[in-house]
Amino acid sequence: MQIALRIITAVLFVFAAAIGLARAENPRHAIASHGDPALPADYQYFPYVNPDAPKGGRISYGVFGTFDNLNPFILKSMRTTARGMWDPQFGNLTYESLMQRSRDEPFTLYGLLAESVEFDDERTYIQFNINPLARWSDGEPVTADDVIFTFNLLEEKGRPPYSNRLDKVEKMEKTGPLSVRFALKADAGHEFPLILGLNPVLAEHATDPDTFDQTTFQPPVTSGPYRIGEIKPGEKITFERRPDYWARDLPAKRGTDNYDEISIEYFLSDSAQFEAFKKGVYDIQFEGNPTSWKRSYNFPAVEKGKVEKTVFENQLPAGMHGFVFNTRRDKFGDVRVRQALAMLFDFEWVNRSLFDNAYKRTESYFQHSELSSIGVPASERERELLEPFPDAVEPSVMDGTYHATRTDGSGRDRTVQRNALRLFNEAGYKIQGGKLINDAGQPLTFEVMTQNEGQEKIALAYQRNLAALGIDMSIHTVDDAQYQRRSQNYDYDLIIKTYTASLSPGAEQVWRWDSRSRDVPGTFNYAGTADPAIDAMIQALLDARSQEDFVAAVRAFDRVLISGHYVVPLYYLPGQRVAYRSNLEHPQVTPIYGYVLPTWWDKRAEK
């Protein structure tokens, strides 16, 4: 009898072990959108950090605007949440994601809160295994329950895109005290497991679901490297480095989070902000205006070597910067009207007269990369993707000969004006009494909402271009709070926006262009697009398995957007221009995404 029991016990043990092995699959240290991660499982640190960077010192950043909230994951005040809480530029100082993105690969995540991941080749599921060392700032462990709580709470009370993350999840289940598995729906896409990996994790024991969707200045319990120090609502927030930070020795965090103190100063105008930088109120200035870079950095601190100037070269697409038409407005519903309006912007005059010919014209949403369709005829694979939408792409865009309108630089190019007027005529407009009017006798008038003096200057130039054809464009510069509120609710005719681009466009395009985001407050679908061709191209790039299919899908997507004339393309400036106090230092290696602020340090800490 005992022998039989031993046999049964042994069989059960082997069976249980087999189940465990089947569940464990093959835990991996990283996951890449396409191909394999560049770094091995035993990597020590990212290649663009200084692993021996000294800890200590301080830095102060300066930003335009105000803040009235510490919760970056809710719709209310989503655009006026304090910087640094959950911040792609300054770093996620308080909240953390499941995994950490490498800035030197198109889209690859490495272990952070989740020390490893498990997934199959088809990516029908992904499992995140929480690092047993992970701790909240109050010392409590991070668990699978926190992950599940976060996804459920954000679905109910969070803002896009966090509120929609579970839409593509068939089942979310706890597979152990530190493991959560997501079974994915068939249309989730190849990239979606990485999107889940970038999700924040909130502390269940310290988060009140009933009040979560309300703005707050109560410092939260988080797992990140900093805690909130001083708060001056709307003016300044200070973060203090946590000496007990659980992940300080992880490979993904070595050489980062080097300052003992980080402060962020807020300013109500660009000019006030720059004057404050000159006086030493804050330490680092990001300059996007080439004329200012050339002419304005001659103040004493520069001349004495106390402020340094550096241009960082990245390898990213330039993205799209321009006037965005809100197609929710009937007047912008006709693509011929949008195209004609875009033609009338005289880039050549603006570039010469305002910027000393420093800029290059933006033509593609993925300018200056292999993902751009400019100058490249559509491949056979692209044509297959676009075949169900025969009218979605203009012939010149399809064959690669399209370019943004080029003028003689006079500000009143008659040929361009005639061509634009021809499109207006086709759309039912004509000039009468010096005004461009439609068949109902209504003049074409609209307003551009601007945010600062720089935008206003560009808008004034465009205003003159349009007036030549009897088009009345008014300019309304508003304060930051109003700008953010109106942007969030799509309360504008025309707005100046920048669509940043990467080498791995993916799910973020849903919230910029997909029909599902058109009527959801707080998304980045500023143009109000709802087009089956756009939706299909986004799905194609999300579904792409090979790099070849991915490039084809992105280029086809680019062609559809260009042909829709949703934006008046403006310009881009190669390189990232940064001025900073001489006590700051950065790593010698610049990754493909450009400078990475959390890897910088204060040289005074070395002493």
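The model shown is predicted, which means the values in this text are computed figures rather than measured ones.

1. Side note on the pairing of strand S23 (residues 576-581)
Taken across its six residues, S23 has six buried, putting it largely inside the fold. In the sheet, strand S12 (residues 284-287) pairs with S23 via four bridges, with the strands oriented antiparallel. Residue Gln285 lies in a different strand from S23, and its bridge partner there is Ala579. One ladder, built from six bridges, connects strand S13 (residues 307-312) with S23; its direction is antiparallel. Bridge pairing in S23 links Lys309 to Ala579.

2. A short note on the packing of aromatic side chains
Under the counting rule described, the total for this entry stands at 40 aromatic pairs. Measuring from centroid to centroid gives 5.5 Å for Phe46 and Tyr110, while their planes differ by 75°, and the two rings are edge-to-face. Remark: Tyr110 occurs in strand S4 (residues 108-111) and Phe46 occurs in the loop between strand S1 (30-32) and strand S2 (58-64); sequence separation between them is 64 residues. The exposure classification of Phe46 matches that of Tyr110, with both residues buried. A centroid spacing of 5.9 Å and a plane angle of 45° characterise the contact between Phe312 and Trp600, whose relative ring orientation is tilted. Here Trp600 lies in the loop between strand S24 (584-585) and strand S25 (601-602) and Phe312 lies in strand S13, a separation of 288 residues in the sequence.

3. Side note on the pattern of salt bridges
Under the definition given, this model contains 25 salt bridges. Bridged by salt links that share partners, the residues Arg329, Glu447, Arg486, Asp491 and Asp493 form one connected network.

4. Concerning the nonpolar core
Counting residues in hydrophobic clusters, the biggest one holds 85 residues, and the most contacted among them are Leu98, Phe128, Phe182, Leu196, Tyr365, Trp513 and Phe557. Here this core gets nine residues from one element, more than from any other, and that element is helix H16 (residues 547-564). Each residue touching Trp513, except ones within four places of it in the same chain, is listed here: Tyr365, Tyr499, Asn525, Ala527, Thr529, Ile534, Asp535, Ile538, Phe557, Leu561, Tyr566 and Val567.

Conventions we followed
- Residues numbered from 1 in each chain as written.
- Predicted model: local features only at pLDDT ≥ 70, side-chain atom pairs only at ≥ 80, totals over all residues.
- Heavy atoms only, no water.
- Buried < 20%, exposed > 50% of the residue type's maximum accessible area, 1.4 Å probe, protein only.
- Helix = DSSP H or I, 4+ residues; strand = E, 2+ residues; numbered from the N terminus.
- Pairing = 2+ DSSP bridges.
- Phe/Tyr/Trp six-rings, centres within 6.5 Å; stacked < 30°, edge-to-face > 60°.
- Salt bridge = Lys/Arg side-chain N within 4 Å of Asp/Glu carboxyl O.
- Core = buried A, V, L, I, M, F, W, Y, C linked by side-chain atoms within 4.5 Å.
- Contact = heavy atoms within 4.5 Å.

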